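# Observations on the three-dimensional arrangement
Now for the letters of each chain:
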Amino acid sequence: AQSVTQLGSHVSVSEGALVLLRCNYSSSVPPYLFWYVQYPNQGLQLLLKYTSAATLVKGINGFEAEFKKSETSFHLTKPSAHMSDAAEYFCAVSFQGGSEKLVFGKGTKLTVNP
Amino acid sequence: DAGITQSPRHKVTETGTPVTLRCHQTENHRYMYWYRQDPGHGLRLIHYSYGVKDTDKGEVSDGYSVSRSKTEDFLLTLESATSSQTSVYFCAISDPGGATSYEQYFGPGTRLTVT
């Protein structure tokens, strides 16, 4: 079955430290991949997407993600965490590489400590 | 921000009553979606629409129905609400074929409590 796995439901980092949020998917066909962010009591906002162009994708707020086909991964990183990055992050996959339907991971809540 | 509104934003209802949630968009996007968000489950697709009067089921469609009579409105109905349908419901839209293909834009959500 097609699935999206986010390792770690909670991640805690210090302000200024590297942020690494992990996402793996199960598919033999390269899908389209997305990261969304959700701030408390708000809807989801698109951070970045991969749709078969460059494997390193840059998004908003200094985040980037790298598509690694051999590892079926699309991990999200940010070199230096800011307090405002505290939120929940969701990885999402369009498995049919063009289907408008997305499958979401269960989310990772990021805490940034001063 | 994409022009998506959801109404109501909060609702408390009793078990067995019908409930309708409304999603309204001003972006003229063809696709619309209803998700539910529950702790530990992420977002799960309930139903989606790929055009006026064209809808299909998602992974958790049991107990829900939808209707889309106009491009801008997508209604989600719980025919007889149950406590297991207590959740936060999100509407999303997307527009295939353009520069923003496959990107979904989300509304602010509706918090539904079934007592």
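Shown above is the structure to which this text applies.
Counting residues at the interface gives 21 residues for chain A, matched by 25 residues for chain B. Interface area for chain A against chain B, summed over the two sides, is near 1,700 Å², with a carbon-plus-sulfur share of 56%. The largest per-residue losses of area from chain A upon contact with chain B belong to E100, K101 and F104 of chain A, which jointly make up 36% of the total buried on that side. The interface formed by chain A and chain B includes one salt bridge. Where E103 of chain B meets K49 of chain A, a salt bridge forms, and the shortest distance between an N and an O atom there is 2.6 Å. Across the chain A-chain B interface, the total number found is three residue pairs in polar contact (both at pLDDT 80 or more). Every element with two or more residues in the side of chain A that touches chain B is listed here: β5 (32–38), β6 (44–50) and β10 (87–94) of chain A. The element best represented in the side of chain A that touches chain B is β5 of chain A, accounting for four residues. Across the side of chain A that touches chain B, the residue classes tally to eight nonpolar, eight polar and five charged.

So, about the environment of G109 of chain B. Residue and element names in this part refer to chain B. Tracing the sequence through the fold places G109 in the loop between β10 (105–106) and β11 (110–114). The exposure class assigned to G109 is buried, which follows from its relative accessible area of 3%. Separated by 32 residues in sequence, G109 and T77 place their C-alpha atoms 15 Å apart. Beyond its immediate stretch of four places on either side in the chain, G109 contacts Q6, R9, Y89 and F90.

Conventions adopted
- Residues numbered from 1 in each chain as written.
- Chains lettered and ligands numbered in written order.
- Predicted model: local features only at pLDDT ≥ 70, side-chain atom pairs only at ≥ 80, totals over all residues.
- Heavy atoms only, no water.
- Contact = heavy atoms within 4.5 Å.
- Buried area = accessible area lost by both parts, 1.4 Å probe.
- Salt bridge = Lys/Arg side-chain N within 4 Å of Asp/Glu carboxyl O.
- Polar contact = N/O pair within 3.5 Å; in protein donor to acceptor, adjacent residues only side chain to side chain.
- Helix = DSSP H or I, 4+ residues; strand = E, 2+ residues; numbered from the N terminus.
- Nonpolar A, V, L, I, M, F, W, Y, C, P; charged D, E, K, R; others polar.
- Buried < 20%, exposed > 50% of the residue type's maximum accessible area, 1.4 Å probe, protein only.

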